[in-house]
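The chain contents come next:
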Amino acid sequence: MKKLILLLLPLSLLGQSGIQFKDMSWETALNEAKKTNKLIFLDAYATWCAPCKTLEKYTFTDAAVGALFNSTFINVRFDMEQYPGLELAEKYQVNVYPTLLFINGNGELVHRGCGAVEVSELLTLGQDAMNPEKSLLSMKKVYEAGDRSPEKMEEYLTALSAACQDLTVFLTNHFAGVSETQLPDNENWFLIREYVGDIYSREFLYLLKNQEAFHAKQDQQAVQDKIFDTFMMAYYDVAESPDYALFGMKSIRYLADTHEFEEKKAFIDFLDFGQGELMEDWEMYARGATSFIEPETENKDLIMDVAWKFYLFVNDKEQLLKALNWTKYVLENNEPDPAVIDTYASLLFKIGRREEAIKFEEQALQLAQSWETDTEHFEFQLAKFKKQ
């Protein structure tokens, strides 16, 4: 009978699990926070936000989360597209949803997180908000007090990034107070190495022009790796933007051409490869490809794509022989593939080894037939080789 009565009782009387959000105004929440000396936990959401719904359904309902948050925080939720959410979103710079804010009774932001975090992550977020060494407000105060060791800044920036904060704002403000001659110092070099990616920034240009100043204080290889990696990131950024890829590559080339660094040739070779393909300048493309491609380390699909372009567009026999060797390596170190055999046969044909080309193309055709795949291309190539 006792079990039956328990089953008939409302859930609210049986003990609720999960976070219990209070229906109160923002002013009331602030007053209660002052009175109880607790932090406000604010779930900043939007009604259209799918991750917000995931957070509400799975994470906020967890018993362990409820136990911590209900005893520790004043829990409130506001739609950031309705009053007072609109004002709160502007005040606390809420730009992504969901954003999870921990605010004291004075309205001061203590800590923040973002996204559809899992139970363990939300528990850690709540614990860090209460920890004077882990909250973002505490880290900010340490930074402003002058403790800018790489370890402290890394911890601070990691926390900012985890909270979906734009690190550009922090970096801009930090470097505004740093002279160029201070850039090689440990704390500034750490920020340059880990976070500066703009090849036209003051910080990178100073690094490029004053490498010896950095070598004197930092590991030389790390300095050179940073220069090479930053150029490579710039290349990939423009390569993925078709509307201005060519202009971007030419600008990057000018900057690289007018400065010396250890991996300059390797970068220029790679740039030749990308820019050559974009411009359909196959001499430039082949020059770059033959300088940097090593079949033992490169992706098979990349090698085969380049080798086929060599067959179509490259006429230099020495370069064609290199492409043939790449294809041979793929052929010998992978499962038989009619496309690979066909490329190998086509390169053989182009360098004048017709009989070998026919032999391998026949193998490609037979394998394609056994795979029950379209054989039209292989038949065309074989007929072409036999005809000539």
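The rules behind each value
For every chain, the first residue of the written sequence is number 1, and numbering continues from 1 along that sequence. Restriction of local features to residues with pLDDT of at least 70 applies here, the model being predicted, together with a cutoff of 80 or more for giving and counting side-chain atom pairs; totals for whole chains, interfaces and linings are based on all residues. The basis for every side-chain value is the complete set of heavy atoms in the structure, and neither hydrogens nor water enter the calculation. Starting at the N terminus, helices and strands are each numbered in turn, a helix being any DSSP run of H or I of at least four residues and a strand any DSSP run of E of at least two. The criterion used for residue contact is that any of the two residues' heavy atoms lie within 4.5 Å. Method for areas: the Shrake-Rupley scheme with a 1.4 Å probe, in which residue coverage is limited to the protein chains shown. Charged residues are defined narrowly, with Lys and Arg counted positive, Asp and Glu counted negative, and His plus the chain ends left uncounted. In plain terms, the charge of a residue is placed at NZ if it is Lys, CZ if Arg, CG if Asp and CD if Glu. Think of it in three bands: with a 1.4 Å probe and only protein chains considered, a residue is buried below 20% of the maximum accessible area for its type, exposed above 50%, and partly exposed in between. For helices, the fitted line uses only the C-alpha atoms of the stretch in contact; every axis is such a line through C-alpha atoms, and the angle between N-to-C directions lies from 0 to 180 degrees. Oblique is the label for any angle not covered by the other classes, which are roughly parallel (under 35 degrees), roughly antiparallel (over 145) and roughly perpendicular (65 to 115). Each crossing gets its hand from how the near helix is turned against the far one by less than a right angle, where anticlockwise is left-handed and clockwise is right-handed. Under the convention adopted here, Pro, Cys and the residues Ala, Val, Leu, Ile, Met, Phe, Trp and Tyr are nonpolar, Asp, Glu, Lys and Arg are charged, and Gly plus all remaining residues are polar. Think of it this way: a Phe, Tyr or Trp ring, Trp meaning its six-membered ring, pairs with another when their centres are within 6.5 Å, and the plane angle makes it stacked under 30 degrees, edge-to-face over 60, tilted otherwise. DSSP bridges decide pairing: two strands pair if at least two such bridges lie between them.

Asker: How would you sum up the overall build of the chain? Please name residues and give values.
Answerer: Scanning the chain from terminus to terminus reveals 22 helices and 4 strands. Partitioning the contacts of the chain with sequence separation of at least 6, the portion at a separation of at least 24 is 59%. Counting only carbon and sulfur atoms, one obtains 51% of the accessible surface of the chain, whose full area is about 21200 Å². Looking at the chain, you have 38 positive and 63 negative side-chain charges, and the mean spots of the two groups are 3 Å apart.

Asker: Quick rundown of the environment of Val110? Include the residues and the values.
Answerer: By the element assignment, Val110 lies in strand S4 (residues 109–114). Overall, the relative accessible area of 9% leaves Val110 in the buried class. Excluding its chain neighbours within four sequence positions, the residues that come into contact with Val110 are Leu39, Phe102, Ile103, Asn104, Ala129, Ser135, Leu136 and Leu137.

Asker: Pulling in residues and values, what's your account of the packing of helix H15 (residues 245–257) against helix H16 (residues 264–279)?
Answerer: Running from N to C, H15 and H16 cross one another at 160°; their axes reach a closest spacing of 11 Å. The angle between H15 and H16 places the two elements in the roughly antiparallel class. Where H15 crosses over H16, the handedness of that crossing is left-handed. Of the residues in H16, those in contact with Ala245, Leu246, Met249, Lys250, Ile252, Arg253, Ala256 and Asp257 of H15 are Lys264, Phe267, Ile268, Leu271, Asp272, Gly274, Gln275, Leu278 and Met279. Split by residue class, the contact of H15 with H16 holds 10 nonpolar, 2 polar and 5 charged.

Asker: Account for the side chain of His215, with residues named and values stated.
Answerer: Residue position: His215 is located in helix H13 (residues 211–215). Discounting residues that sit within four places of it in the chain, His215 has contacts with Gln220, Val223 and Gln224.

Asker: An account of the packing of aromatic side chains is needed here, citing residue identities and associated values.
Answerer: On inspection of all chains with the given rule, the structure shows 33 aromatic pairs. Where Phe204 meets Phe231, the ring centres are 5.7 Å apart and the plane angle is 80°; that geometry is what we call edge-to-face. Residue Phe204 is found in helix H12 (residues 202–209), and its partner Phe231 is found in helix H14 (residues 220–239); the two are separated by 27 residues along the sequence. Here Phe204 matches Phe231 in class, with each residue buried. Arranged with centres 5.1 Å apart and planes meeting at 80°, the rings of Trp282 and Tyr285 form a pair that is edge-to-face. Note that Trp282 and Tyr285 are positioned in helix H17 (residues 282–292) at a spacing of 3 residues, about one turn of the helix.

Asker: Give me the side chain of Thr290: which residues, what numbers.
Answerer: Summarising the element assignment, Thr290 is placed in helix H17. Thr290 sits in the buried class, given a relative accessible area of 15%.

Asker: Residues and numbers for the sheet that holds S4, please.
Answerer: Pairing between sheet strands relies on hydrogen bonds along the backbone, with the strands arranged either parallel or antiparallel. Here we have 4 strands laid out as an open sheet, ordered S2-S1-S3-S4, and mixed in their pairing. At either end of the open sheet lies a strand with only one pairing partner, and these are strand S2 (73–79) and S4. Here the strands of the sheet are splayed against their neighbours by 20° on average, with no regard to which way each runs. The pairing of strand S3 (residues 99–103) with S4 spans 5 bridges and is antiparallel. Residue pairing in the sheet places Leu100 in a bridge with Gly113 of S4. Against the sheet, helix H5 (residues 63–72) engages strand S1 (39–45), S2 and S3, with an angle of about 100° to S2. In the packing of helix H7 (residues 119–130) onto the sheet, the strands contacted are S1, S2, S3 and S4, and the crossing angle to S4 comes to about 165°.

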